[in-house]
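Coordinate inspection notes
Here are the chains, one letter per residue:
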Amino acid sequence: MNQMTFAKRAVALAVLSGAAVGAYAADYDLLVLTPGDPPKSFNAFHGGGGLINFNDNFLFELLLPGLTSGSLIDIAIPSITGAAFTSATLYAGTPMTPGAVVVAASGSSTAMSFMQTPTPAGKYYLNVTGNSIAGVSYGAAYNGSINVAIAPVPEPESYAMLLAGLGVMGA
């Protein structure tokens, strides 16, 4: 009888321990981004005590090609919130049909960024993964932004100089 009670308690403890570690996945639609528009800001909050793992996708579409850059920063309030990033990667396509990696962000566990990357028109998503910082009581919170700059277009004079240079080399 005592062994049966011990087994029930052990199972209950295992179930509760598993429930204490939260895992969150969310998709956020940033809609259409246009080159030259102001940067698009976004934020995410995953509440709860204990260790929280998150895996967020920020979806957007480009109707015109551009140079895409982005950044993430932890919103840390000591003992209350804090996020530790493990990765941030920009993908072409949609999360349901994973596409090619466009660029992986670099930085630290509290701030990551990627620089201007040529991106043709199409659908993209920024995948952000991480967890809450140990000792926080309310979860993980972070802020980010995505900016799409207008891709530079060579001036006609540049083409003329290129052709002149090729002509000189040919002569």
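So, here is what we can say about the structure in this document. (Residues numbered from 1 in each chain as written. Predicted model: local features only at pLDDT ≥ 70, side-chain atom pairs only at ≥ 80, totals over all residues. Heavy atoms only, no water.)

1. A word on the overall build of the protein
In terms of regular secondary structure, the protein is built from two helices and 10 strands. From first element to last, N terminus to C terminus, the protein shows the α and β order α-β-β-β-β-β-β-β-β-β-β-α. The buried share among the 171 residues of the protein stands at 33%. In the protein, the proportion of contacts linking residues at least 24 apart, taken out of those at least 6 apart, comes to 82%. Just so you have it, the protein exposes about 10,100 Å², and 67% of that area is on carbon and sulfur atoms. (Helix = DSSP H or I, 4+ residues; strand = E, 2+ residues; numbered from the N terminus. Buried < 20%, exposed > 50% of the residue type's maximum accessible area, 1.4 Å probe, protein only. Contact = heavy atoms within 4.5 Å. Areas by Shrake-Rupley, 256 points an atom, 1.4 Å probe, with all protein chains shown as cover.)

2. Considering the environment of Pro120
Summarising the element assignment, Pro120 is placed in the loop between β8 (111-119) and β9 (122-132). On the accessibility criterion, Pro120 (52% relative accessible area) is exposed. In the structure, Pro120 is positioned 52 residues away from Thr68 in sequence and 9.7 Å away in space, judged by C-alpha atoms. Leaving out residues up to four positions away in the same chain, Pro120 has contacts with Leu62 and Pro65.

3. A closer look at the pairing of β9
Most of β9 sits out of view: nine of its 11 residues are buried. Note: strand β5 (residues 83-92) against β9, nine bridges, orientation antiparallel. Each bridged residue has a counterpart across the sheet, and for Phe85 the counterpart in β9 is Gly130. (Pairing = 2+ DSSP bridges.)

4. Structural notes on the packing of aromatic side chains
Tallied over the full model, the rule gives seven aromatic pairs. A ring pair is formed by Phe54 and Tyr142, whose centres lie 5.3 Å apart and whose planes are at 25 degrees; its orientation type is stacked. Here Phe54 is found in strand β3 (residues 52-62), whereas its partner Tyr142 is found in strand β10 (residues 139-149), with 88 residues between them in sequence. The residues Phe54 and Tyr142 share a single accessibility class, namely buried. Among the aromatic residues, those joined into a cluster by ring pairs are Tyr28, Phe42, Phe54, Phe58, Phe85 and Tyr142. (Phe/Tyr/Trp six-rings, centres within 6.5 Å; stacked < 30°, edge-to-face > 60°.)

Everything listed here is a matter of coordinates, which is why it stays silent on function.
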